[in-house]
Amino acid sequence: MTTSTERPTRKGLTLSGACREFWNHPSPWMLGAMLVAGLIGRVIVGDWQITDVLVPLAMLALFPFFEWIVHVFILHWRPKRLGRLTIDSLLAREHRAHHVEPRSIPLIFIPTKSLLWVIPLTVAIAVFAFPRLPMGLAYLVFASMLGLGYEWTHYLIHTDYKPKTRVYRAIWRNHRQHHFKNEHYWFTVTSSGTADRVLGTYPDQATVPNSPTAKNLHAATAER
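Residues numbered from 1 in each chain as written. Predicted model: local features only at pLDDT ≥ 70, side-chain atom pairs only at ≥ 80, totals over all residues. Heavy atoms only, no water.

Caption draft 1: Seen up close, the overall build of the chain. Of regular secondary structure, the chain possesses ten helices and two strands. Walking the chain from its N terminus toward its C terminus, one meets helices and strands in the order α-α-α-β-β-α-α-α-α-α-α-α. In terms of overall dimensions, the chain has a C-alpha envelope of 55 × 50 × 40 Å along the principal axes. The contacts in the chain between residues at least 6 apart in sequence include a share of 65% that link residues at least 24 apart. Roughly 12500 Å² of accessible area belongs to the chain as shown, and the carbon and sulfur atoms make up 66% of that amount. (Helix = DSSP H or I, 4+ residues; strand = E, 2+ residues; numbered from the N terminus. Contact = heavy atoms within 4.5 Å. Areas by Shrake-Rupley, 256 points an atom, 1.4 Å probe, with all protein chains shown as cover.)

Caption draft 2: Just the UniProt feature "domain: Fatty acid hydroxylase" (unreviewed entry) in the chain, in detail. Those places that UniProt annotates as "domain: Fatty acid hydroxylase" (unreviewed entry) correspond, in this numbering, to residues 57-201. Within residues 57-201, the helical portion is 66% and the strand portion 4%, while the C-alpha atoms at the span's ends are 24 Å from each other. (UniProt positions renumbered as here; feature names shortened; annotations may be inferred.)

Caption draft 3: Looking closely at the environment of Leu60. Following the sequence through the fold, Leu60 ends up in helix 3 (residues 54-75). For Leu60 and Asn174, which are 114 residues apart along the polypeptide, the C-alpha to C-alpha distance reads 19 Å. Discounting residues that sit within four places of it in the chain, Leu60 has contacts with Phe142 and Leu146.

Caption draft 4: Local environment of helix 1 (residues 15-22). Within helix 1 the residues assigned to the buried category are Gly17, Ala18, Glu21 and Phe22. Projected onto a plane normal to the axis of helix 1, the buried residues spread over an arc of 140° and lie on a single side. Against the buried residues of helix 1 lie helix 2 (26-45), helix 5 (105-108) and helix 7 (133-157). (Buried < 20%, exposed > 50% of the residue type's maximum accessible area, 1.4 Å probe, protein only. Arc of directions from axis to C-beta.)

Caption draft 5: Structural detail: the packing of aromatic side chains. A full pass over the atoms with the stated rule returns 13 aromatic pairs. Taken together, a centroid distance of 6.3 Å and an interplanar angle of 45° make the contact between Tyr161 and Tyr168 tilted. Taken individually, Tyr161 and Tyr168 each receive the classification buried, so the pair is uniform in this respect. An aromatic cluster is defined as three or more aromatic residues linked by ring pairs; in this entry it consists of Phe22, Trp23, Trp29, Phe109, Trp152 and Tyr155. Above the ring of Trp77, the side-chain terminus of Lys80 is found at 4.2 Å from the ring centroid. (Phe/Tyr/Trp six-rings, centres within 6.5 Å; stacked < 30°, edge-to-face > 60°. Lys NZ or Arg CZ within 6 Å of the ring centre and 35° of its normal.)

Caption draft 6: Representation of the UniProt feature "transmembrane region" (unreviewed entry) in the chain within the structure. UniProt's feature table lists "transmembrane region" (unreviewed entry) at residues 29-48, 54-75, 114-131 and 137-157, given in the numbering used throughout. In residues 114-131, helix accounts for 83% and strand for 0%; the two terminal C-alpha atoms are 28 Å from one another. Each end of residues 137-157 is marked by a C-alpha atom, and these two atoms are 30 Å apart; helix forms 100% of the span and strand 0%.

Caption draft 7: Up close: the pattern of salt bridges. In total, this model carries five salt bridges according to the counting rule given. Its salt-bridge partner being Arg132, residue Asp47 comes within 3.1 Å of it at the nearest N-O pair. You can see Asp47 sitting in the loop between helix 2 and helix 3 and its partner Arg132 sitting in the loop between helix 6 (112-128) and helix 7, a full 85 residues away along the chain. For Arg132, a relative accessible area of 18% puts it in the buried group. Across the pair Asp52 and Arg132 runs a salt bridge, and its minimum N-O distance is 2.7 Å. (Salt bridge = Lys/Arg side-chain N within 4 Å of Asp/Glu carboxyl O.)

Right, dumping it as structure tokens:
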């Protein structure tokens, strides 16, 4: 297993080199397996209808807001004390560690233990929450694609791969400002200025002070 001291950073890192490293970790394979299973199931079931396109279109429009909600309310969860019990999820703990060591490879990816329940839940939603199974399978396929896209984008931002396009440069800058300038803003990962603009967390960076707790969210919690 990769240790927290290993870095996904090398001078002159190429996109192909980053891709090879990406596939050395469990979560891309787990999400990829869900994608393949969903595609096979969708082809077998058939019953193609034009309305099935509405599912991925809606998911694409809502995904930046889903990212924002998960980032703010789950990943940045402040541990709560209930008597002797501390309410604090694995995802929140891992994310705080990710802020402490933003270039540590294992902390970049969705924890395997979390995917062990997230993937079955996603499959259950696909099977039981839609009026037609083909629509549910379309959801499963696109959820897998969005998950893989999130993991790849998040991983690549935290490597030393240099942005080559204007779109990726904006996404790269947006997330790195969250880590290295102020953790209270710029919560989207796979897009820039989408949900953050709508929900008021996309300020002019020149007006935002550097946060002393950007790398230690637990300290920020303890002080409040």
